[in-house]
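Report on the structure
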Amino acid sequence: GAVVSQHPSRVICKSGTSVKIECRSLDFQATTMFWYRQFPKQSLMLMATSNEGSKATYEQGVEKDKFLINHASLTLSTLTVTSAHPEDSSFYICSARDADSPLHFGNGTRLTVT
Amino acid sequence: SQKIEQNSEALNIQEGKTATLTCNYTNYSPAYLQWYRQDPGRGPVFLLLIRENEKEKRKERLKVTFDTTLKQSLFHITASQPADSATYLCALEGPTGNQFYFGTGTSLTVIP
């Protein structure tokens, strides 16, 4: 149980375009979803936390207008990287939890901006 | 802000030995601490959770300790196997209880 599906797994986009990443909890209701960013050989950096039906809470230094997060339902959260630039290239991972459960992670999205 | 450090970036041990990984935090003590395993190109997978009032937690070959005085957690893998090779991450809840922050991670390699 507790499967989180993240799509796409890989995406290549041109500089200046926007990319949407979806994160779905398949067999549980995710009251809270988290978005992380991971650079090569580095740990996960929390970008934002979102609760269903409310605005996301962004970590310091993360631009909310650049990384748009929508948590429209208890099973779906999306991260949109707007006007992407090469420095936005990274591994983006979502995770979800139901109440006080541990975090369940998706398998990440490798974003490459050319 | 909370700083979470894990002992070494990389740890190599012989198969059959016990691997010990360390997680140290600097600020407030969380109500619980978690350990995750991450394989290359994949999302982390939850392994164990230990609460502040628990000294030790075990699951099969895994053992976790939590010392709130030292602000440290130790993660042990006994009778290690090559399949245990992965990056191990500790995670702490944030001060508001609605964020999770991860440590720097330790890349473990078990040599056959």
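Structure shown above.
No experiment lies behind these values; they were computed from the predicted model shown. (Residues numbered from 1 in each chain as written. Chains lettered and ligands numbered in written order. Predicted model: local features only at pLDDT ≥ 70, side-chain atom pairs only at ≥ 80, totals over all residues. Heavy atoms only, no water.)

1. Brief notes about the side chain of Arg37 of chain B
Residue and element names in this part refer to chain B. Put simply, the rule is: A helix here means a DSSP run of H or I that spans at least four residues, while a strand means a run of E at least two residues long, and both kinds are numbered starting from the N terminus. Relative accessibility under 20% of the residue-type maximum defines a buried residue, over 50% an exposed one, and the middle range a partly exposed one, all with a 1.4 Å probe and only protein chains included. What qualifies as a polar contact is a pair of N or O atoms within 3.5 Å, subject to a donor-acceptor requirement within protein and to the restriction that residues adjacent in sequence count only when both atoms come from side chains.
Position of Arg37 among the secondary structure elements: in strand 4 (residues 32-38). The class of Arg37 is buried, set by a relative accessible area of 19%. Side-chain polar atoms of Arg37 contact the side chain of Asp39, separated by 3.1 Å. There is a polar contact of 3.4 Å between the side chain of Arg37 and the backbone oxygen of Ser85.

2. Examining the interface of chain A and chain B
Selection criterion: Residues are treated as being in contact if the distance between any of their heavy atoms lies within 4.5 Å. Joining two parts hides part of their accessible area as seen by a 1.4 Å probe, and the buried area is that hidden amount summed over both. Just so you know the grouping, Ala, Val, Leu, Ile, Met, Phe, Trp, Tyr, Cys and Pro go in nonpolar, Asp, Glu, Lys and Arg go in charged, and all remaining residues, Gly too, go in polar.
Each side of the interface is counted separately: chain A has 18 residues, and chain B has 19 residues. Interface area, chain A with chain B, both sides summed: about 1,500 Å², of which 51% is carbon and sulfur. Put simply, the parts of the chain that give the side of chain A that touches chain B at least two residues each are strand 4 (32-38), strand 5 (44-51) and strand 9 (90-97) of chain A. Taken together, the residues of the side of chain A that touches chain B sort by class into nine nonpolar, seven polar and two charged.

3. Some thoughts on the sheet that holds strand 7 (residues 67-73) of chain A
All names here are of chain A. To be explicit about the condition: We call two strands paired when DSSP finds no fewer than two bridges between them. Axis lines are fitted through C-alpha atoms, for helices just across the contact stretch, and the angle between N-to-C directions can take any value from 0 to 180 degrees.
Within the open sheet, the four strands sit side by side as 1-3-8-7. Their pairing is antiparallel. Every other strand in the sheet has two partners, leaving strand 1 (4-7) and strand 7 as the edge strands with one partner each. The average angle at which neighbouring strand axes cross in this sheet is 15°, direction not considered. Here strand 7 pairs with strand 8 (residues 76-81) via five bridges, running antiparallel. Bridged to Leu68 within strand 8 is Thr80.

4. So, the sheet that holds strand 3 (residues 19-25) of chain B
Residue and element names in this part refer to chain B. Reading across the sheet, the five strands line up as 1-3-8-7-6 and stay open at both edges, with antiparallel pairing between neighbours. Two strands bound the open sheet, and with one partner strand each, they are strand 1 (4-6) and strand 6 (56-59). If you compare each strand with its neighbour and ignore which way they point, the axes differ by 15° on average. Both strand 7 (residues 62-67) and strand 8 (residues 72-77) contribute to a ladder of six bridges, which runs antiparallel.

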